[in-house]
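This is what each chain is made of:
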Amino acid sequence: MAVKDYDVLIIGSGASGGMAAHTLTQKGIKCLMLDAGPLVDFNRDRVLKPVYELPYHGFGKPGRLPHVLQANEFNANQWVDETQVPYTHDPKEPYNWVRVRMIGGKSLFWARMSFRLSDYEFKAKDHDGFGDNWPIGHDDLAPFYSRVEPIFRVSGRKEGLRQLPDGNFVEDNSPDGEAVKRFSAAAKERGIVVTKMRRSLGRGQFASSFNLLLPDALATGNLTIVPDAVVRDITVDKNTGLVNGANFVDRHSRREMHAKARVVVVGASCLESTRILLNSGIANSSGALGHYLHDQFYISQSVQAVMPEARGASGGRGFGGGYIPRFRNLETKAKNFIRGYALDFSMGGTPDAKYYPLYGEALQKAMDADRGTGFSCTTMGEVLPRYENKVSIDKNVSDAFGIPALHFQCRYSDNEFNMAKDAIATMEELCHACKWEVLARHDKMFPPGYSIHELGTCRMGDNPKTSVLNKWNQSHDVKNLFVVDGSSFVTGGSQNPTMTILSLSMRASEYLAGQMRAGNV
Amino acid sequence: MKRRRFVQSLLAAPAAPAVLAPVVLAQQSPATRPPAEEPKIEATAADQVADAVPRFFNAQQFAALRKVSEILMPPINGAPGALEAGAPEFLDFLIGESPADRQLVYRTGLDALNSQARKQFGKPFAEVDAAQAEALLAPLKQPWTYDPPAEPLARFLAAAKQDVRTATMNSREWNAAAPSGGGRRGGGTGLYWNPI
């Protein structure tokens, strides 16, 4: 029998699970990692194809992946099949749950925007009175951010902003182009800061757990990875009340298995982690498990403009882009919303044909004239964590493995809608100030979940009656159970959460290692 | 040791004596020879040797779709237009495979186009002249809005403008005319994920 008792069972191999493995194995702790997806061979599983050879010529199979707006016919197979692993919601309140199941998880495909949270998020309640503070502040997490950032090779320009703390960057001091300078000047007059995008450079083609964390963990000899292992639930020792492993299903054969460990670390992605805990019936004495679901609302191409001065320019297309960190509700108060939003913008593209009130040859002429002159931005707004936005188990629906599905109840509120209106009006004003031609604008956000930044539902806090985890990502109820992904967030701000997830996982894992060494866990 | 791993280990061992490889290979049966020895059979895509058979739209709807496709995406600068690219035939297939709401947009829109043409000019859309067609396509001169137009004809035209363009630019014919392409959305090439 090959069955072993491992020190730690890690569920999930993405950013959070990968960082847990990276940290724990280097401290000599024997880890078993289960992931619901396959170990991908990127040379075998991906192949170059011309679009006309695809069955639907790039349109995608109609009706497939209705919630995954990011999917196209090239990448459709990389996303979780919604018919195999379904979830439910009221048709009037859609939630776009976008999932990846493979070794490396979503860290294989993220947009790499790499930011820290600030104390405007960690101590948000102190600032505006809404919700709860995190049990930690930026000072607690800063040493871990500073160690995570070099692993992922985060590039950025130091600005000294309170709302967007600087990182341990691969410094990007490249000069801004003229269009960015003009835009930045118009922004500055309005008290808005424009900075370089902060982005994980990674190594090779990825900035992922797959290539930056798991290889080092495997090299220690302390990590065993089992792909295609779909965790059904976490098991509990009835005598001690401690968790002792997990039941899982082999993805291909549907064979039921059980793995044992002294400690369980859950990093299966925000909502899969919560689903596992709910299906396990553990860690919920607070009743908070599943609640406070939030993310960031996204509005893609919220303002689409043309820079007329760039028309007719030959060569040198591409004017760069940048990032506008939150500027609302810092020193002053917006009239009809709290918190804030960020924007990223790019210059140098060509606006889509749909924005032109033309067709045929006239359309093509207009697009040729505007080629490379476009300005486009995406709005990313903070969504307030509310108790009533939640996931629960749908007892009537199970997935292909017989595991009960999640039911979503989540909607945005006036705070988000008002914020979106402000964002679009501000960006339009900036474009006009730059004397750019605004082709289109809209403040229609995608359904919740679209940003793939789902957060909360297993939040941390000092009070065991209102939170699931303590400040070390450790269950209040079960001391040998840790949850290290985005589900632990109290608030999410407007920043991409990946750097924070990685840093929380590293911090929690080092704490866990210390507790194991001391014999406390 | 499994055979695949064994062969891999041989390939990965540069210091192995050169005479070993032919001996090992000679011991293998034809069925287990490395893939490189298997024949490569060339195949041809169906649409290179056959024409698509429209099945979804009725004759009047399809005639209107061909006409509107030709107007929305004519041949420009040596690139094939929608008709040369077979865009109407492809859209007949695509819309026929689509959810009911998308089918409804096309069917009601094409019917509206024909009824408007008969009402204003006494003939179906396929037979109107250029000036008459321009009058009927006036909704496309309206500024873009995030939410699609409520009126059936305007809603159809907004959808067709995008779909005809994409079907044309993603066609084999477009790719052949502009091999450098314009990326994935312009008859280009992309990394396709096999089922995992």
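Residues numbered from 1 in each chain as written. Chains lettered and ligands numbered in written order. Predicted model: local features only at pLDDT ≥ 70, side-chain atom pairs only at ≥ 80, totals over all residues.

## Topic: the overall build of chain B
When helices and strands are counted, chain B shows eight helices and one strand. Moving toward the C terminus, one meets the helices and strands of chain B in the order α-α-α-α-α-α-α-α-β. For chain B, the proportion of its 196 residues judged to be buried stands at 30%. Relative to all contacts within chain B whose residues are 6 or more apart in sequence, the contacts with residues 24 or more apart total 57%. (Helix = DSSP H or I, 4+ residues; strand = E, 2+ residues; numbered from the N terminus. Buried ≥ 20, exposed ≤ 12 C-beta atoms within 10 Å, placed from the backbone. Contact = placed C-beta atoms within 7 Å.)

## Concerning the overall build of chain A
For chain A, the count of helices and strands is 12 helices and 19 strands. For chain A, the C-alpha radius of gyration of 23 Å lies close to 24 Å, the compact-globule estimate for 521 residues. Along the first, second and third principal axes, the C-alpha atoms of chain A reach 75 × 55 × 45 Å. At a minimum sequence separation of 6, the contacts of chain A that also span at least 24 residues come to 71%. (Rg over C-alpha atoms; globule rule 2.2 N^0.38 Å.)

## Some words on helix H12 (residues 498-517) of chain A
All names here are of chain A. Between its first and last C-alpha atoms H12 spans 28 Å; for 20 residues at 1.5 Å apiece the expected length is 28 Å, and the two agree. Across the 20 residues that make up H12, a large majority, 14, are buried. Once H12 finishes, Gly519 follows within two positions and takes phi at roughly 80 degrees, a positive value. (Expected span 1.5 Å × (residues − 1).)

## Some points on the sheet that holds strand E7 (residues 199-200) of chain A
Residue and element names in this part refer to chain A. One open sheet accounts for three strands, arranged E6-E5-E7; its pairing is mixed. Sheet topology places strand E6 (170-171) and E7 at the edges, where each strand pairs with a single neighbour. Both strand E5 (residues 154-156) and E7 contribute to a ladder of two bridges, which runs antiparallel. Its bridge partner lying in E7, Val154 is registered against Ser200. (Pairing = 2+ DSSP bridges.)

## Overview of helix H6 (residues 178-188) of chain A
Residue and element names in this part refer to chain A. Those residues of H6 that sit buried are Ala179, Phe183 and Ala187. End-on, the buried residues of H6 take up no more than an arc of 70 degrees, which puts them together on one face. Away from the buried face of H6 by more than 90 degrees, exposed residues Lys181, Ala185 and Lys188 are located. Where H6 is buried, its residues meet strand E13 (320-324), strand E14 (341-349) and helix H11 (414-433). (Arc of directions from axis to C-beta.)

## Some details on unusual backbone geometry
Residue and element names in this part refer to chain A. Positive phi, normally seen in glycine, also occurs at His57, with a value near 50 degrees. Here His57 shows up in the loop between strand E3 (46-50) and strand E4 (88-89). Positive phi, close to 50 degrees, is recorded for Gln301, a residue that is not glycine. When you line up the elements, Gln301 lands in strand E12 (residues 296-306).

## Re the sheet that holds E4(A)
Strands belonging to one sheet form pairs held by backbone hydrogen bonds; the direction of such a pair is parallel or antiparallel. Residue and element names in this part refer to chain A. Ordered in space as E4-E17-E16, the three strands form an open sheet in which the pairing is mixed. In this open sheet, the two strands that pair with only one neighbour each are E4 and strand E16 (390-398). In terms of strand pairing, E16 meets strand E17 (residues 404-409) through six bridges, oriented antiparallel. What sits directly across from Ser398, in E17, is Pro404. Packing against the sheet, helix H9 (residues 270-280) makes contact with E16 and E17, and its axis sits at approximately 65 degrees to E16. (Axes fitted to C-alpha atoms, helices over the stretch in contact; angles between N-to-C directions.)

## Things to note about the pairing of E14(A)
Residue and element names in this part refer to chain A. As paired elements, E13 and E14 share five bridges and run antiparallel to each other. Residue pairing in the sheet places Tyr323 in a bridge with Asp344 of E14. Taken together, the eight bridges between E14 and strand E15 (residues 374-382) define a ladder with antiparallel strand orientation. When the bridges of E15 are listed, Asp344 appears paired with Thr378.

## Some remarks on the environment of Tyr356(A)
All names here are of chain A. Examined against the element boundaries, Tyr356 turns out to sit in the loop between E14 and helix H10 (360-369). With 175 residues separating them along the chain, Tyr356 and Lys181 place their C-alpha atoms 27 Å apart. In this structure, Tyr356 is in contact with Leu363, Ala366 and Met367, ignoring residues within four places of it in sequence.

## Looking at the interface of chain A and chain B
Each side of the interface is counted separately: chain A has 34 residues, and chain B has 37 residues. Put simply, the parts of the chain that give the side of chain A that touches chain B at least two residues each are E3 and H10 of chain A. The greatest single-element share of the side of chain A that touches chain B, amounting to five residues, is contributed by E3(A). Of the residues in the side of chain A that touches chain B, the class split is 18 nonpolar, nine polar and seven charged. As judged from the five bridges shared by E3(A) and strand E1 (residues 189-193) of chain B, these two strands associate in the antiparallel manner. Note that in E1(B) the partner of Lys49(A) across the bridge is Gly190(B). (Nonpolar A, V, L, I, M, F, W, Y, C, P; charged D, E, K, R; others polar.)

## Considering the nonpolar core
Residues and elements named next belong to chain A. If you look at the biggest cluster of nonpolar residues, it comprises 96 residues, and the most contacted ones within it are Val8, Leu9, Ala21, Cys31, Leu34, Val231 and Val264. Broken down by element, this core gets its largest block of residues, eight residues, from H12. Excluding its chain neighbours within four sequence positions, the residues that come into contact with Ala21 are Ile10, Cys31, Met33, Leu213, Leu214, Ala217 and Leu223. Among the nonpolar cores identified, the runner-up in size contains 41 residues, and Tyr356, Phe375, Met419 and Ala420 belong to it. (Core = buried A, V, L, I, M, F, W, Y, C linked by C-beta atoms within 7 Å.)

## Some points on the packing of helix H5 (residues 138-152) of chain A against H12(A)
All names here are of chain A. Where H5 meets H12, the axes come as close as 9 Å, and the angle between the chain directions of the two elements is 110 degrees. When the axis of H5 is compared with that of H12, the two are roughly perpendicular. Once H5 is placed against H12, the crossing between them reads as right-handed. Here Leu141, Phe144, Tyr145, Arg147, Val148 and Glu149 of H5 come into contact with H12, specifically with Met499, Leu502, Ser503, Met506 and Arg507. (Parallel < 35°, antiparallel > 145°, perpendicular 65-115°, else oblique. Left-handed = near helix turned anticlockwise from the far one by under 90°.)

## A closer look at the packing of helix H5 (residues 100-121) of chain B against helix H7 (residues 152-169) of chain B
Residues and elements named next belong to chain B. In contact at an axis separation of 8 Å, H5 and H7 are set at 115 degrees when each is read in the N-to-C sense. In this structure, the crossing between H5 and H7 has a hand that is left-handed. Judged by residue contacts, Val105, Tyr106, Thr108, Gly109, Leu110, Ala112, Leu113 and Gln116 of H5 engage Pro152, Leu153, Arg155, Phe156, Leu157 and Ala159 from H7. Its residues assigned to classes, the contact of H5 with H7 shows 10 nonpolar, three polar and one charged.

## Examining the environment of Ser273(A)
Residues and elements named next belong to chain A. Relative to the helices and strands, Ser273 resides in helix H9. On the neighbour-count criterion, Ser273 (25 C-beta atoms within 10 Å) is buried. In sequence terms Ser273 and Thr457 are 184 residues apart; their C-alpha atoms lie 9.3 Å from each other. Setting aside chain neighbours within four positions, we find Ser273 in contact with Val266, Gly267, Ala268, Cys458, Val483, Asp485 and Ser487.

## Comments concerning the environment of Leu212(A)
All names here are of chain A. With respect to the helices and strands, the residue Leu212 is situated in helix H7 (residues 209-212). Residues Leu212 and Gly202, 10 residues apart in the sequence, show an inter-C-alpha distance of 7.5 Å. Leaving out residues up to four positions away in the same chain, Leu212 has contacts with Ile151, Phe152, Gly202, Arg203 and Ala207.

## Looking at the confidence of the model for chain B
Residues and elements named next belong to chain B. In this model, chain B carries an average pLDDT of 83, and 77% of its residues clear a pLDDT of 70 or more. Residue range residues 1-27 is modelled with pLDDT below 50. Its contacts to residues more than four positions away, or to other chains, number six contacts. Scored by ipTM, the complex comes to 0.92, with pTM at 0.92. (pLDDT = per-residue confidence, 0-100.)

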